[in-house]
Amino acid sequence: MTIEAIQNEIIDEFSMFEDWEERYQYMIDLGKDLPLIDDQYKTDDNIIKGCQSKVWVHAEMNDNKVAFTADSDAIITKGIIAILIRVFSNQHPKDIIEANTDFIDKIGLKEHLSPTRANGLVSMIKQLKMYAIAYQTQLN
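Under an unreviewed UniProt entry, the protein has the name Fe-S metabolism protein SufE and belongs to Neotamlana nanhaiensis. Note on the protein: under the UniProt heading Sequence similarities (unreviewed entry), the record states "Belongs to the SufE family."

Spelled out as C-alpha cells, the structure:
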C-alpha cells in the first residue's frame, strides 16, 4: 500500500467515531498493536527529543524499505507513534521523505493534543523522516 492510501484509510477510520473520547480510545488500541522495539534499542540514542513522554524508535532497511519499531511509556503517545509507523513503515525512504502529513490535520489530531504532545508529534515525524534521509543517502 502507498503512504497516501494508508493515510486515507486512517482518515476513514477516524471519521467513524463520534467524538474525541472514542478516537483517543482507538489510538490507545492502536498503540497496543505497535510493532514493539527490541529492548536492546531502548537507549538514549533512540529516544525522540522534544517529546514529553519517552518514545523510542528504531529503523532498519530491508529490501530498500525502512521498517520502524517503537515504544513509549505513555499510552496516548504510543498510539500516536503507532499511527505514524503504520503510515511510514515498510516504505521506500524517498517516499517517506516526500510524503506530506496533512492526514494528521484531517483527522483533527494536532488540535486535540496538548501543546507539548503536539510538539512531540512534530518531533516524531521529523525523526522518522531523518531516518529515511539517512537510508536514502545510503542508496544513492
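With that settled, the discussion passes to the pattern of salt bridges. In the structure shown here, the tally under the stated rule is six salt bridges. Notably, a salt bridge pairs Lys94 with Glu98, separated by 3.0 Å at the nearest N-O pair. Taken together, the residues Lys94 and Glu98, both in helix H4 (residues 93-98) and four residues apart, mark about one turn of the helix. According to the relative accessible area criterion, Lys94 is partly exposed, its value standing at 42%. We classify Glu98 as exposed; its relative accessible area is 54%. Within this structure, Glu9, Glu13 and Arg86 form a network of salt bridges that share partners.

Mapping Asp71 onto the fold places it in strand E2 (residues 65-72). A distance of 2.8 Å separates polar atoms of two side chains, one belonging to Asp71 and the other to Lys42. For Asp71, the residues in contact, after removing those within four places along its chain, are Leu34, Leu36, Ile37, Lys42, Lys54, Val55, Trp56 and Lys78.

A cluster of acidic residues, Glu18, Asp19, Glu21 and Glu22, forms a negative patch on the protein surface. Structurally, the position occupied by Glu18 is in the loop between helix H1 (3-15) and helix H2 (20-32).

With that settled, the discussion passes to the packing of aromatic side chains. One pass over the full model with this rule turns up five aromatic pairs. Between Phe17 and Tyr26, the aromatic rings sit 5.1 Å apart at their centres with planes inclined by 40 degrees, giving tilted as the arrangement. Where Phe68 meets Tyr131, the ring centres are 6.1 Å apart and the plane angle is 65 degrees; that geometry is what we call edge-to-face. Of this pair, Phe68 sits in strand E2 while Tyr131 sits in helix H6 (residues 115-139), and the two are 63 residues apart along the sequence. Here Phe68 and Tyr131 have matching classes, each one buried.

Right, let's talk about the UniProt feature "domain: Fe-S metabolism associated" (unreviewed entry) in the protein for a bit. When the UniProt feature table is mapped onto this chain, "domain: Fe-S metabolism associated" (unreviewed entry) is found at residues 12-130. Along residues 12-130 the backbone is 48% helical and 13% strand, and the end-to-end C-alpha distance reaches 28 Å.

This brings us to unusual backbone geometry. A positive phi is found at Asp63, a non-glycine position, where the angle reads about 50 degrees. Within the element layout of this structure, Asp63 appears in the loop between strand E1 (55-62) and E2. Even without being glycine, Asn90 reaches a positive phi, approximately 60 degrees. With respect to the secondary-structure elements, Asn90 resides in the loop between helix H3 (75-88) and H4.

What counts, and where the lines are drawn
- Residues numbered from 1 in each chain as written.
- Predicted model: local features only at pLDDT ≥ 70, side-chain atom pairs only at ≥ 80, totals over all residues.
- Heavy atoms only, no water.
- UniProt positions renumbered as here; feature names shortened; annotations may be inferred.
- Salt bridge = Lys/Arg side-chain N within 4 Å of Asp/Glu carboxyl O.
- Helix = DSSP H or I, 4+ residues; strand = E, 2+ residues; numbered from the N terminus.
- Buried < 20%, exposed > 50% of the residue type's maximum accessible area, 1.4 Å probe, protein only.
- Polar contact = N/O pair within 3.5 Å; in protein donor to acceptor, adjacent residues only side chain to side chain.
- Contact = heavy atoms within 4.5 Å.
- Patch = residues over 30% accessible without salt bridge, like charges linked within 9 Å, V, L, I, M, F, W, Y side chains within 5 Å.
- Areas by Shrake-Rupley, 256 points an atom, 1.4 Å probe, with all protein chains shown as cover.
- Lys, Arg positive; Asp, Glu negative; His and termini not counted.
- Charge placed at Lys NZ, Arg CZ, Asp CG, Glu CD.
- Phe/Tyr/Trp six-rings, centres within 6.5 Å; stacked < 30°, edge-to-face > 60°.

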